[in-house]
Amino acid sequence: MPVNADGLPETAVPAPPPGLVTVGRYDEGPGYAVNRPQGADSWLFTWTTGGHGLLTQGAAGVRAGAGDLVVLGPGVRHRYQVRPGAPHWRFWWAHCQARPSWTAWLSPYAVGDGMYVVAPVPDALHDRMATAFARMLSDARWPGSDTRPPNSPPDSAASSPPESPIAVAHGTAARELALCSLEEIVLLASASARPLPQRPGIDARVSRAEALIAADPAAPHTVRSLAEGVALSPSRFAHLFTEQLGRSPMRALREARLSHAARLLEATDLPVERVAVASGFASPFHFNRVFRERHGTPPGAYRTLCRRVPAVTGTAIGSVVAPGPQGEGTGQLP
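One structure accompanies this document, and this report is about it. (Residues numbered from 1 in each chain as written. Predicted model: local features only at pLDDT ≥ 70, side-chain atom pairs only at ≥ 80, totals over all residues. Heavy atoms only, no water.)

All right, on to helix α2 (residues 126-139) then. Taking 1.5 Å per residue as the helical rise, α2 with its 14 residues ought to reach 20 Å, and the 20 Å between its terminal C-alpha atoms agrees with that figure. Judged by how many residues are buried, α2 sits mostly within the fold: 11 of 14 residues are covered. Buried within α2 we find H126, M129, A130, T131, A132, F133, A134, M136, L137, S138 and D139. On its buried face, α2 is in contact with β1 (21-28), β3 (43-51), β8 (89-96), β11 (166-169) and α3 (172-192). (Helix = DSSP H or I, 4+ residues; strand = E, 2+ residues; numbered from the N terminus. Expected span 1.5 Å × (residues − 1). Buried < 20%, exposed > 50% of the residue type's maximum accessible area, 1.4 Å probe, protein only. Contact = heavy atoms within 4.5 Å.)

Moving on, we get to the sheet that holds strand β2 (residues 33-36). Here four strands make up an open sheet; going across it, the order is β2-β7-β4-β5 and the pairing antiparallel. If you trace the sheet from one side to the other, it starts and ends with β2 and β5 (60-64), each paired once. If you compare each strand with its neighbour and ignore which way they point, the axes differ by 10° on average. Here four bridges tie β2 to strand β7 (residues 78-82), and the two strands are oriented antiparallel to one another. Residue pairing for β7: R36 is matched across the bridge by H78. (Pairing = 2+ DSSP bridges. Axes fitted to C-alpha atoms, helices over the stretch in contact; angles between N-to-C directions.)

On to the pattern of salt bridges. Note that side chains of opposite charge can pair when their charged atoms are close. If you walk through the whole model with that rule in mind, you get 12 salt bridges. Here D27 makes a salt bridge to R90, at a shortest N to O gap of 4.0 Å. Here the residue D27 occupies a position in strand β1, and R90 occupies one in strand β8, the gap between them amounting to 63 residues. Among the ionic pairs, E183 bridges to R99, the shortest N-O distance being 3.4 Å. Of the two residues, E183 is situated in helix α3 and R99 in the loop between β8 and α1 (100-106); the sequence distance between them amounts to 84 residues. A relative accessible area of 18% means that R99 is categorised as buried. When salt bridges with common partners are traced through the structure, they connect R63, R83 and E228 into a single cluster. (Salt bridge = Lys/Arg side-chain N within 4 Å of Asp/Glu carboxyl O.)

Geometric values such as these leave the question of function open.
Following this line, the structure appears as structure tokens:
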């Protein structure tokens, strides 16, 4: 298994021949890396189940976490590794030629240079995705006889993967069955994940950062963590984000948290203090102040008005005051 030793020149790792269907499951520690300066003749599909990986293809890059399907198209230099600082990266992978229909399913998730980031896939589908990969691994070994494919996983889970972590589908039946499982994986992921916004002139990495914020605005995002998520340095990320969107990452995060809080006030009876915490604000006092600046009314009054006039929500309530400079910089919002 190719491992990049610290301090030694990195060598290129050949990809499987394009006509083969190859599938495997790895759990690698720090130092694992695969480098292909010429890319591969086949497509590479990776599904992360634990830890973090860092994948780059051409100028595109992404940090992959649990539940992320990252696809690398053929013919472009790529590299993937355990993300620096992560204890490990556990992932399924498959090399093959993609079926023609898959390109249309993946296209909304294109981030450039033949890379597709299908994320976040809902947690409810993770077991089914893992089961499909385990079935793909099992079917790739099937010789086409009247026997059951070896180590067939149960229909409900993939908790007991086969002993060998790699399989190559040699026969026609094994190859087609394996591709059917991979097709299920691509369809499940692409139909359930949220595509990145497609806007002219907006860098795909900026859109990816916006998606990370929107997926969980209450998370302890920082400029550094968001930059790592899109494989940029913090300074380059902050500059690119601000230049293209006209506001800093921390300002965008605060706006996302305020919008999330407004939805909770409209739809739930949670106390204002709990709404603040659930939206990422550590201080209820700070939350009250910035919410009033944004919506022109305190959180409690906003909820009362929403209940009295259900059709009036969001920025239509009160006058909108431009947010102040609180929360700027590279640190985490209070």
